[in-house]
Amino acid sequence: MRLRLEARPAPSRAMRYLSPLVATALTVVAGFIVFSGLGREPLAAFHAFFVRPVSSLNGLAELVLKASPLMLIATGLAIGYRANVWNIGAEGQLILGAIFGGGLALAFPGAESRWFLVLMVLAGATGGLLWAAIPALLRNRFNTNEILVSLMLVYVATLLLSYLVHGPWRDPQGFNFPQSRMFADAALYPILAEPTRLNAGFLVALGAVACGWLFIERSFLGYQMRVAGLAEAAARYAGFSSGRTVWIGMLAGGAAAGIAGVGEVAGPIGQLTSSVSPGYGFAAIIVAFVGRLNPVGIVFASLLMSLLYLGGESAQMELRLPSAITGLFQGMLLFFLLGSDVLVHYRVRLLPRAPAPREEAAA
Amino acid sequence: MHMPSNFGKAIIGAALALALAGGAAAQQPLKIGFVYVTPIGSAGWTFQHELGRREMEKALGAKVATKHVENVAEGADAERVIRELATSGHTLVFTTSFGYMNPTIKVAKSFPKVAFEHATGYKRDTNVGTYNARFYEGRYLTGIVAGKMTKSNVAGYVAAFPIPEVLQGINAFTRGMRSVNPKAEVKVIWVNSWYDPGREREAATTLISQGADVIAQHTDSTAPVQAAEDKGVYAIGYHSDMSKFGPKAHLTASTHQWGAFYTKVAQDALAGKHKPSNLWGGIKDGMVKLAPINPVVPKEVQDMVAKAEADLRSGKLHAFAGPVKDQAGKVRVPAGKSMPDDQLAAMDYYVEGVQGQLPKK
Amino acid sequence: MTELLVPIVVATLAAGTPLVFAALGELVAEKSGVLNLGVEGMMLVGAIAAFAATVASGSAWVGVLAGMLAGAAMSFVFAVLALTLQANQVAAGLALSLFGLGLSAFAGKPLESVALQAPQAVPVPLLSEIPLLGPMLFSHQPLVYLSWLMAVLVSLFLYRSRAGLVLRAVGESPASATAIGYPAIAIRYLATLFGGAMAGIAGAFLSIVYTPMWVEGMTAGRGWIALALVVFATWRPARVLAGAYLFGGVTMLQFFAQGAGVAVASQLLSSLPYLATIVVLVLISRNPHTIRLNAPVSLGKPYHPDA
């Protein structure tokens with residue numbers, strides 16, 4: 001007996017909604033095996049992982065706080081991904097956003113106006129935009145692969161930030177520790193719900209996701225870009241410029257990541273340090289795919305991703321599991337989510353004979 | 001949403017703290033939280049804090065209930081973990097990395113009843129204390145060992161970042177070496193990472209190939225000690241006793257001992273008389289200790305080290321007793337004086353005997 | 001000067017070796033059109049598997065074998081997702097890195113305090129006697145020689161064998177390859193597994209030869225550097241070798257300069273390999289002819305025979 005995938009004539013609507021459930025079911029089974037194997041009560045472990053982190057107002061606020069940069073970046077990236085423009089350097093664009101926005105805050109420590117924050121967001125967006133413009137320009141001018149260029153620029157951005165906080169932007173009163181001065185209050189996002197840390201950056205993220213949704217689902221340009229993604233030749237035939245597609249696709253992700261960078265330094269961090277992001281730029285790529293490149297799906301996927309981080313911490317505190325369990329569990333869940341998407345476009349058939357040159361472990 | 005229950009928990013936590021403060025017989029154990037910056041591992045900075053936590057648990061038994069979270073990134077995540085510990089009824093929280101300073105201060109403002117103790121920082125508050133150790137005192141002693149054991153008169157030093165704490169270590173080590181061997185010199189390589197075994201090893205082998213026959217380190221992995229073992233030269237461990245990673249190479253190590261401090265703070269909190277610490281403890285306070293000295297080190301050298309240790313403890317000796325000259329020959333501390341703490345805390349130069357220049361700012 | 005040169009070259013070759021293995025493996029996978037961003041994760045799992053097997057068996061070679069198998073097993077997970085289940089390769093690769101970091105850290109807990117002795121270098125008879133060149137090139141760990149051999153073999157396979165031609169054809173256009181009757185998916189599976197196995201050996205080199213120890217996250221980003229290296233080398237095995245030593249050499253040069261008392265702006269120097277990679281990429285991409293000669297056209301694009 002062997003499993004075989006057959007393309008569906010049209011993507012299955014039912015499976016679009018069912019496949020996340022399949023993935024969840026598989027995760028539960030896998031989690032059951034893992035936790036039992038570790039000698040932990042699986043139900044208690046699930047509770048610690050998925051329920052406890054969000055069973056308080058503060059927990060919910062933290063969930064949303066951590067999901068904000070993810071949904072913001074993932075939406076920006078999805079605009080490009082739908083058009084087959086592969087920006088995987090959002091981490092670097094986020095860092096540039098933090099440098100531009102944070103640099104502004106450091107340059108005007110006496111700022112008091114509320115509008116200053118708007119300027120910072122714009123500066124951050126510009127930073128991300130400029131960093132994303134490099135791979136876009138190179139792709140359009142020299143046909144350079146944007147996946148690879150954007151990835152290379154992540155390292156350069158990390159080193160640039162490291163140089164700044166170790167050198168010229170180091171806090172002169174900070175005993176030579178590699179971090180900048182703290183930002184003035186006007187350069188910080190206002191808190192939405194005391195005593196939690198949830199700040200106005202969440203609203204910015206939501207607004208950006210809404211704009212992304214309008215662009216993708218309701219605008220002619222968004223439609224053109226989707227066509228370009230599905231059939232490049234057809235798009236060219238219809239007179240859509242592929243150069244413009246690349247520009248928009250890259251810059252959308254760059255600007256979103258830049259704004260997310262400002263959100264981190266003007267939000268929970270409040271200064272520039274050598275590590276402004278725990279890998280949000282990369283996590284957002286996974287979020288974009290788990291959310292099926294759809295802004296609504298991305299919101300849910302970002303909340304799930306955020307929950308997995310919080311759950312890992314909670315499992316440490318409650319069950320004394322090492323922090324490594326987080327990555328293990330995250331990886332598994334993402335495998336299942338990514339894998340079960342196959343059901344949307346393909347149906348699984350059981351074939352009677354097995355002349356298989358290879359084993360296929362279909363979900 | 002279970003908002004009320006959680007607020008309830010916070011109130012119970014606060015009430016508990018008050019009850020303890022009033023000296024009432026504690027039914028409930030004192031809940032203590034620890035935040036670690038890396039995985040615990042089996043040697044290094046975090047591992048020593050974990051040993052301290054275990055020592056405290058052992059000493060106080062059922063009177064305390066501790067919880068620790070490892071591998072908490074400095075930055076936005078740290079504040080959440082600290083806050084979570086405070087919210088879930090921990091009335092004493094130790095945050096054990098410099099990068100937790102601002103998050104600790106922020107959380108402390110929302111939890112005035114919770115006592116926070118932050119390692120290696122410089123910001124304090126009514127409920128935030130800081131504690132740190134005079135690691136440089138241990139460095140000075142290991143320098144004496146290195147100065148006596150080197151044949152090439154060159155020691156290599158694998159260092160992470162040029163912050164004052166690391167520079168204090170390099171300089172104290174150099175002064176220790178030169179106190180017994182005026183010809184001794186120290187070469188430094190900055191690996192720009194607290195923790196990257198590959199690079200640490202590369203730096204150590206580079207130093208060895210440039211003539212260093214004793215390797216010291218201010219990084220987190222045991223790679224430099226292992227490199228020294230393989231190349232047949234000596235090594236000085238740091239943070240932890242690293243002798244099992246280089247039985248022949250490892251001469252001794254300057255180790256961190258937090259157990260007594262953690263126990264004392266917890267006892268004070270139990271007795272309701274805890275005040276935020278402002279402690280920079282050294283050999284005298286038992287926070288810095290030498291690991292057992294390798295038997296290859298001659299008896300007379302071991303005695304020399306023991307004498308210097310006693311003098312450091314009694315205050316007769318200071319690792320930065322004047323005259324302290326920097327590389328350029330400028331006198332930083334005149335003869336007859338010792339370097340004051342504020343000057344120590346802002347150290348940004350190499351002393352005489354360190355080769356090379358500090359990386360440009 | 002020469003007494004300085006020998007240690008610099010020896011150290012550089014050792015530093016470059018894990019990059020050579022990981023990048024050669026990724027190169028073959030990419031030549032078949034598969035972009036697996038999970039190299040870091042595969043290296044880590046290879047590293048812990050190798051370390052555990054070496055500790056258990058006492059033999060470094062058993063360790064290398066275990067690392068190789070573990071890396072291949074990891075890449076199999078990726079292959080099932082990206083090749084059979086048609087998941088996006090970028091996302092699946094990133095998830096693999098995340099998973100590998102977690103899995104290796106978790107599995108490695110009991111081994112954190114174990115110390116291994118680095119195996120002795122094995123000088124090549126006769127060749128190692130040559131003045132200057134002998135100590136520089138022929139007094140290394142066996143895996144260093146193996147990495148050279150692999151570079152030659154991969155090069156011969158890709159450009160001198162029929163199977164290599166087929167593999168490259170799949171990387172150019174899996175649809176055309178299928179049309180002529182080649183099992184494109186099966187070939188991509190094999191290429192991906194090879195990539196995993198090589199990443200596993202790279203991890204094994206780090207954990208049982210280079211450092212030698214096991215600690216969480218010990219690859220410290222070398223898997224990502226290997227990815228850059230493949231591009232820098234324009235998908236040519238010989239250039240992978242040169243690039244790996246250049247990438248490794250930048251660090252060693254920094255260290256030697258520092259040890260000799262010269263201060264360097266380390267961030268600028270460290271970013272040079274990445275900037276150079278971009279420049280190389282621009283140079284080969286600007287001309288449609290050169291890019292076709294080098295980069296696999298269908299890199300990262302999903303393919304299913306039914307689609």
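Definitions and cut-offs
- Residues numbered from 1 in each chain as written.
- Chains lettered and ligands numbered in written order.
- Predicted model: local features only at pLDDT ≥ 70, side-chain atom pairs only at ≥ 80, totals over all residues.
- Helix = DSSP H or I, 4+ residues; strand = E, 2+ residues; numbered from the N terminus.
- Rg over C-alpha atoms; globule rule 2.2 N^0.38 Å.
- Buried ≥ 20, exposed ≤ 12 C-beta atoms within 10 Å, placed from the backbone.
- Contact = placed C-beta atoms within 7 Å.
- Nonpolar A, V, L, I, M, F, W, Y, C, P; charged D, E, K, R; others polar.
- Axes fitted to C-alpha atoms, helices over the stretch in contact; angles between N-to-C directions.
- Parallel < 35°, antiparallel > 145°, perpendicular 65-115°, else oblique.
- Arc of directions from axis to C-beta.
- Pairing = 2+ DSSP bridges.
- Domains from an automatic or database assignment.
- Core = buried A, V, L, I, M, F, W, Y, C linked by C-beta atoms within 7 Å.
- Left-handed = near helix turned anticlockwise from the far one by under 90°.
- pLDDT = per-residue confidence, 0-100.

Draft legend 1. Region of interest: the overall build of chain A. A tally of helices and strands in chain A yields 14 helices and 4 strands. Compactness check: chain A gives a C-alpha radius of gyration of 22 Å against a globular reference of 21 Å for 363 residues, within 12% of the reference. Taken along its principal axes, the extent of the C-alpha atoms in chain A is 75 × 60 × 35 Å. Among the 363 residues that make up chain A, the fraction classed as buried is 57%. Put simply, of all contacts in chain A between residues at least 6 apart along the chain, 78% involve residues at least 24 apart.

Draft legend 2. Molecular detail of the overall build of chain C. Counting its secondary structure elements, chain C contains 13 helices and 2 strands. In terms of principal-axis extent, the alpha carbons of chain C reach across some 60 × 45 × 40 Å. The buried share among the 307 residues of chain C stands at 60%. Across chain C, contacts joining residues at least 24 apart in sequence account for 78% of those joining residues at least 6 apart.

Draft legend 3. Representation of the interface of chain A and chain C within the structure. The interface of chain A with chain C comprises 46 residues on the first partner and 44 residues on the second. At the level of elements, strand 1 (2-7), helix 5 (115-142), helix 6 (146-166), helix 11 (280-290), helix 13 (324-340) and helix 14 (342-345) of chain A are the ones that each hand at least two residues to the side of chain A that touches chain C. With 12 residues, the single largest contributor to the side of chain A that touches chain C is helix 13 of chain A. For the side of chain A that touches chain C, a count of residues per class yields 32 nonpolar, 10 polar and 4 charged.

Draft legend 4. Region of the structure containing the packing of helix 7 (residues 162-172) of chain C against helix 9 (residues 184-210) of chain C. Residues and elements named next belong to chain C. Across the interface, helix 7 lies against helix 9 with an axial gap of 10 Å and an inter-helix angle of 105 degrees. In this view, helix 7 runs roughly perpendicular relative to helix 9, as classed from their interaxial angle. Contacts between helix 7 and helix 9 involve Val-166, Leu-167 and Val-170 from the former and Ala-184, Ile-187, Arg-188 and Ala-191 from the latter. Tallied by class, residues from the contact of helix 7 with helix 9 come to 6 nonpolar, no polar and 1 charged.

Draft legend 5. A look at helix 7 of chain C. All buried positions along helix 7 of chain C are accounted for by C:Leu167, C:Val170 and C:Gly171. Down the axis of helix 7 of chain C, the sector holding all buried residues measures 100 degrees, keeping them to one side.

Draft legend 6. Quick look at the pairing of strand 5 (residues 128-133) of chain B. Residue and element names in this part refer to chain B. Within strand 5, 6 of the 6 residues are buried, which leaves it mostly tucked inside the rest of the structure. Burial along strand 5 is two-sided: Val-128, Thr-130 and Asn-132 facing one way and Gly-129, Tyr-131 and Ala-133 facing the other are all buried. Relative to strand 5, strand 4 (residues 115-119) runs parallel, the two being bridged by 4 bridges. Looking across to strand 5, one finds that Ala-119 is bridged to Tyr-131. Of the strand pairs in this sheet, strand 5 and strand 11 (residues 278-281) are connected by 4 bridges, and their pairing is parallel. Bridge pairing links Ala-133 to Gly-281 in strand 11.

Draft legend 7. Main features of the domain arrangement of chain A. Residue and element names in this part refer to chain A. As assigned here, chain A comprises domain 1 (1-40 + 324-363) and domain 2 (42-320). In this structure, domain 1 and domain 2 have C-alpha centres spaced 29 Å apart. At the junction of the two partners, domain 1 supplies 13 residues and domain 2 supplies 12 residues. Residue assignment for the side of domain 1 that touches domain 2 shows that the elements contributing at least two residues are helix 1 (13-37) and helix 13. A total of 8 residues in the side of domain 1 that touches domain 2 trace back to one element, the largest contributor, which is helix 13. Residue composition of the side of domain 1 that touches domain 2, by class: 8 nonpolar, 4 polar and 1 charged.

Draft legend 8. A look at the interface of chain C and chain B. Counting residues at the interface gives 28 residues for chain C and 33 residues for chain B. Classifying every residue of the side of chain C that touches chain B by side-chain character gives 19 nonpolar, 7 polar and 2 charged.

Draft legend 9. Region of interest: the sheet that holds strand 4 of chain B. Residue and element names in this part refer to chain B. Strand order in the open sheet made by the 6 strands is 2-1-3-4-5-11, with parallel pairing throughout. Only two strands of the sheet have a single neighbouring strand rather than two, namely strand 2 (64-69) and strand 11. Taking the axes of each pair of neighbouring strands and ignoring which way they run, one obtains an average angle of 15 degrees across the sheet. The strands touched by helix 4 (residues 101-110) are strand 3 (92-95), strand 4 and strand 5; relative to strand 4, the strand with the most contacts, the crossing angle is about 170 degrees.

Draft legend 10. Representation of the sheet that holds strand 6 (residues 154-159) of chain B. Residues and elements named next belong to chain B. Strand order in the open sheet formed by 6 strands is 7-6-8-9-10-12, and the pairing between neighbours is mixed. Single-partner strands in this sheet number two, and they are strand 7 (185-190) and strand 12 (288-290). Each adjacent strand pair in this sheet contributes to an overall mean axis angle of 20 degrees, direction not counted. Here strand 9 (residues 234-239) runs beside strand 10 (residues 250-256); their pairing, made up of 5 bridges, is parallel. Paired with Tyr-238 across the two strands is Ser-254, which belongs to strand 10. Set on the sheet, helix 7 (residues 197-209) makes contact with strand 6, strand 7 and strand 8 (214-218); between it and strand 6 the angle comes to about 165 degrees.

Draft legend 11. Looking closely at the environment of C:Ser173. All names here are of chain C. With respect to the helices and strands, Ser-173 occurs in the loop between helix 7 and helix 8 (174-179). What makes Ser-173 partly exposed here is the crowd of 17 C-beta atoms within 10 Å. Along the sequence, Ser-173 and Phe-255 sit 82 residues apart, while their C-alpha atoms lie 45 Å from each other. Beyond its immediate sequence surroundings of up to four residues, Ser-173 is in contact with Val-297 and Ser-298.

Draft legend 12. The arrangement of the nonpolar core in detail. Among the nonpolar cores identified, the biggest contains 352 residues, and A:Ile73, B:Ile215, C:Ala23 and C:Leu229 are the most heavily contacted of them. Per element, the largest residue contribution to this core is 18 residues, and it comes from helix 9 of chain C. Those residues in contact with C:Ala23, other than ones at most four positions away along the chain, are C:Ala226, C:Leu229, C:Val230, C:Ala233, C:Val240 and C:Ala244.

Draft legend 13. A look at the environment of B:Ile283. Residue and element names in this part refer to chain B. Position of Ile-283 among the secondary structure elements: in the loop between strand 11 and strand 12. Expressed as a C-alpha distance, the spacing of Ile-283 and Ala-62, which sit 221 residues apart in the sequence, is 30 Å. When residues no more than four places from it in sequence are discounted, the contact partners of Ile-283 are Glu-137, Val-288, Glu-309, Leu-312 and Arg-313.

Draft legend 14. Highlighting the packing of helix 12 (residues 295-319) of chain A against helix 13 of chain A. Residues and elements named next belong to chain A. It is the contact of helix 12 with helix 13, at a shortest axis distance of 9 Å, that shows an interaxial angle of 145 degrees. By crossing handedness, the relation of helix 12 to helix 13 is classed as right-handed. Residues Leu-308, Tyr-309, Gly-312 and Ala-315 of helix 12 pack against Ile-325, Thr-326, Phe-329, Gln-330 and Leu-333 of helix 13. Here the contact of helix 12 with helix 13 is composed, by residue class, of 6 nonpolar, 3 polar and no charged.

Draft legend 15. Structural view of the confidence of the model for chain A. Residues and elements named next belong to chain A. Here chain A shows a mean pLDDT of 86. Residues at 70 or above account for 93%. Mean pLDDT values for the elements of chain A range from 68 in helix 9 (residues 232-237) up to 96 in helix 4 (residues 90-107). Counting contacts from residues 354-363, a segment whose pLDDT is below 50, to residues more than four positions away or on other chains yields 22 contacts.

Draft legend 16. Representation of helix 8 (residues 223-231) of chain B in the model. Residues and elements named next belong to chain B. For helix 8, a buried count of 8 out of 9 residues is recorded, marking the element as mostly surrounded by other parts of the structure. Along helix 8, the residues that are buried comprise Ala-223, Pro-224, Val-225, Gln-226, Ala-227, Ala-228, Glu-229 and Asp-230. Along its buried surface, helix 8 packs onto strand 6, helix 7, strand 8, strand 9 and strand 10. Phi turns positive one or two residues past the end of helix 8, at Gly-232, with a value near 75 degrees.

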